[in-house]
Amino acid sequence: MRQITQLEYSIIHNRVAKLSNKLHKNNGYSFLYAVLDTLFPRCEEDIETLITDGANDRGADAIYIQESGSNAHISIIQSKYANNITNAKKNFPGNEVDKLISLVTDISDRSDHLHNTINPLVFSKIKDIWNLIDSGKSIEVRIYLTSNTLPLIEHEMTRLMSFSQQYDFVSVEELHFLEITNLFSSIDRPSESGTLSCVDLQKYERSDCDIRGLVANIDISSYIEMISTENMSSIKRHVFDENIRGFLGIEGGFNKQILQSALSDENHLFWYLNNGITIICKDFTHQKVRGSKIKITDFQIVNGAQTSFSLFEAFKRDREKVSDLVLLVKIFASSRDDISEKIAIATNSQARIAPRDLKSNDNIQKKISAALKEEGILYERKKHQFEDDFNSPTIDSLKLGQALLSYHLQEPHQARTSSDEIFGGLYQTIFSEKLDANYIVKLAKLFLFVNQKRELELDGLRKGGGNEIDEFAAYTQWHLLYCISLLAEEKGVDVPESQEEMEELLSRSKSIIGEIAKEHKAQSFYRVFRSAKTKELIREHLGIGQLNFNF
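Residues numbered from 1 in each chain as written. Predicted model: local features only at pLDDT ≥ 70, side-chain atom pairs only at ≥ 80, totals over all residues. Heavy atoms only, no water.

1. Topic: the sheet that holds strand β1 (residues 62–68)
Taken together, the four strands give an open sheet; going across it, the order is β1-β2-β3-β4, and neighbouring strands pair in mixed fashion. Of all the strands in the sheet, just β1 and β4 (170–175) have a single pairing partner and so form its edges. On average, each strand axis in the sheet is tilted by 20 degrees relative to the strand beside it, whichever way the strands run. Examined bridge by bridge, β1 and strand β2 (residues 71–80) share seven bridges and lie antiparallel to one another. Across the sheet, the residue bridging to Ile65 is Ile74, located in β2. Against the sheet, helix α2 (residues 27–39) makes contact with β1, β2, β3 (138–147) and β4, and its axis sits at roughly 145 degrees relative to β2, the strand it touches most. Contacting β1, β2 and β3, helix α6 (residues 120–134) crosses the sheet at an angle of about 25 degrees to β1. (Pairing = 2+ DSSP bridges. Helix = DSSP H or I, 4+ residues; strand = E, 2+ residues; numbered from the N terminus. Axes fitted to C-alpha atoms, helices over the stretch in contact; angles between N-to-C directions. Contact = heavy atoms within 4.5 Å.)

Following this line, the structure appears as structure tokens:
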């Protein structure tokens with residue numbers, strides 16, 4: 001594989017350096033943060049809480065747990081950042097493979113000595129995984145190797161792939177410098193063209209004014225080749241629409257049912273059981289002859305991300321068997337962006353435009369921005385709106401919505417579990433014109449204060465330190481705000497303003513929530529702090545409620 005160019009290195013480095021200045025972190029942390037933010041833009045958790053990088057992390061620099069129905073998707077991210085182009089021209093270090101193999105084995109075997117060999121933040125997340133398994137969830141683990149370097153050398157990747165194939169729930173994806181460059185420059189994504197092989201004469205074309213469509217049965221090997229990186233280590237993520245690529249956070253790992261369908265002895269049924277792929281492009285050409293090629297110019301895949309990842313994984317496991325499959329593909333060509341937009345939305349339940357962005361120019365959002373600006377706080381109505389401002393305190397509209405939901409409306413569990421509804425069904429309730437501007441400013445300052453304290457606690461946990469209460473820092477942000485709201489009510493205060501008052505109420509809240517966490521150590525903290533019952537436990541500790549719950 002070719003080496004990274006100066007241009008590619010600088011694209012990545014400039015993004016990382018900006019983020020380092022803003023976060024006041026080193027480049028390795030900032031690179032990992034940027035990768036997580038790009039891979040999981042719809043993440044319900046704060047990016048900081050996913051990061052476990054530090055002493056005794058056993059190769060898990062970040063862990064992201066997502067529940068989806070009866071499944072739990074576990075993303076384990078290993079990240080390496082080269083601070084100069086000389087080191088970026090080296091391969092991803094092979095010794096990291098042993099760490100990951102050992103970690104996944106210990107998680108699978110529930111090793112008794114694991115808690116003695118790992119930092120508290122990683123172990124807390126592993127306990128969550130075990131609790132999810134105990135609750136009947138089927139887990140799917142995806143290992144990501146991310147770097148601005150050359151990929152893992154071939155024999156080390158083969159070793160990691162061989163290990164992952166021992167478990168039907170483990171998969172591996174590598175994002176090296178080329179894929180990271182494409183992800184980080186997604187605003188000006190590279191134009192991608194490709195070729196598909198049609199099965200016999202099995203295709204149908206239609207044309208109407210300024211749009212053409214082609215439905216065809218495709219040889220699956222040609223599709224896998226078109227969407228894969230040069231060394232087949234990963235999928236070209238930039239060929240998926242940005243927000244749909246965000247949806248891959250939970251579906252980016254393979255879907256077990258699709259995978260099994262592709263690899264089964266009855267995989268001839270795959271065509272009948274799968275909805276196929278939808279592609280939009282600027283143009284396509286083909287000949288009306290048997291077995292012709294379809295050439296596609298500047299394409300994006302707008303529906304079928306889950307199928308794509310599953311087929312890619314199946315192809316890596318058994319190329320010969322998967323090569324027999326036939327894939328249904330719909331291709332639409334138009335030079336009009338509005339038509340492409342409509343097709344993308346109509347063919348995928350995940351709209352291209354995030355609900356938050358649709359609301360960003362609402363009058364109430366502008367009013368909140370103006371009120372916060374008067375106090376020197378930037379209000380990020382759209383993601384990355386102020387990424388070049390390194391000095392001003394910043395709160396984004398999602399975090400303010402979650403803070404209002406937790407503190408003002410006193411529904412902390414919804415702040416964790418219903419973040420998509422903040423700009424959906426809950427929008428009018430949360431962002432109400434009845435709110436006082438001073439109240440919003442004080443709440444924003446309280447959120448920034450609590451968040452800063454939490455980040456310090458998370459840093460301690462990553463270094464292997466912290467205490468029993470601090471272990472729950474990654475889960476309790478919104479419940480802390482809720483508890484502070486109850487304590488403030490007790491004092492006859494709407495929102496604490498002074499540093500001393502915030503310190504006092506935060507300290508009391510941490511003690512209360514720490515006690516609840518200790519009482520429910522046998523439960524998954526991931527689940528405890530997503531439950532509506534937890535706020536009643538807080539009320540009980542304050543003498544407001546008299547209820548006891550099991551999770």
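2. Details of the nonpolar core
In terms of nonpolar packing, the biggest core is built from 94 residues, with Ile74, Leu372, Tyr407, Phe431, Leu446 and Ile538 touching the most fellow members. Apart from the residues within four sequence positions on either side, Phe431 is in contact with Ile364, Gln365, Ile368, Tyr379, Ser397, Leu400, Gly401, Leu404, Ile422 and Phe423. One finds Leu196, Phe299, Ala305 and Leu327 within the second-largest nonpolar core, a separate group that totals 37 residues. (Core = buried A, V, L, I, M, F, W, Y, C linked by side-chain atoms within 4.5 Å. Buried < 20%, exposed > 50% of the residue type's maximum accessible area, 1.4 Å probe, protein only.)

3. Here's the deal with unusual backbone geometry
Backbone geometry places Asn56, a non-glycine residue, at a positive phi of 55 degrees. Residue position: Asn56 is located in the loop between α3 (47–50) and β1. Its identity is not glycine, yet Arg58 carries a phi of approximately 60 degrees, on the positive side. Residue classification places Arg58 among the buried positions, given a relative accessible area of 16%.

4. Points about the side chain of Ser79
Its place among the elements puts Ser79 in strand β2. For Ser79, a relative accessible area of 10% translates into the label buried. Every residue in contact with Ser79, bar those within four places of it in the chain, is listed here: Phe31, Leu32, Asp61 and Thr146.

5. Description of a nonpolar patch on the surface
Taken together, the side chains of Leu269, Trp271, Tyr272 and Leu273 present a nonpolar region at the surface, about 450 Å² in accessible area. Take Trp271: it is sitting in helix α12 (residues 270–273). A residue is classified by how much of its surface remains accessible, and Trp271, at 34% relative accessible area, is partly exposed. (Patch = residues over 30% accessible without salt bridge, like charges linked within 9 Å, V, L, I, M, F, W, Y side chains within 5 Å. Areas by Shrake-Rupley, 256 points an atom, 1.4 Å probe, with all protein chains shown as cover. Salt bridge = Lys/Arg side-chain N within 4 Å of Asp/Glu carboxyl O.)

6. Observations regarding the packing of aromatic side chains
For the structure on display, the rule yields 13 aromatic pairs. By way of ring pairs, the aromatic residues Phe31, Tyr81 and Phe184 are connected into one cluster. Over the ring of Phe184 we find Arg15, and its NZ or CZ is 4.6 Å from the ring centre. One cation-aromatic arrangement involves Lys359 over Tyr427; the distance from NZ or CZ to the ring centre is 4.7 Å. (Phe/Tyr/Trp six-rings, centres within 6.5 Å; stacked < 30°, edge-to-face > 60°. Lys NZ or Arg CZ within 6 Å of the ring centre and 35° of its normal.)

7. Remarks on the sheet that holds strand β9 (residues 326–333)
Spatial ordering of the closed barrel is given by β5-β6-β9-β7-β8, a layout of five strands whose pairing is mixed. Across this sheet, the average inter-strand angle for adjacent strands is 45 degrees, counted without regard to direction. Of the pairings in the sheet, the one linking strand β5 (residues 194–208) to strand β8 (residues 293–303) comprises four bridges and is antiparallel in character. Bridging across to β8, Thr195 finds its partner in Lys295. With respect to the sheet, helix α9 (residues 220–227) is in contact with β5, β6 (211–219), β7 (277–285), β8 and β9, its orientation differing from that of β5 by roughly 90 degrees.

8. What to know about the environment of Thr417
The topology assignment puts Thr417 in helix α19 (residues 412–417). Residue class for Thr417 comes out partly exposed when judged on its relative accessible area of 27%. Spatially, the C-alpha atoms of Thr417 and Arg530 are 6.4 Å apart, while their sequence positions differ by 113 residues. From its side chain, Thr417 meets the backbone oxygen of His413 in a polar contact 2.9 Å long. (Polar contact = N/O pair within 3.5 Å; in protein donor to acceptor, adjacent residues only side chain to side chain.)

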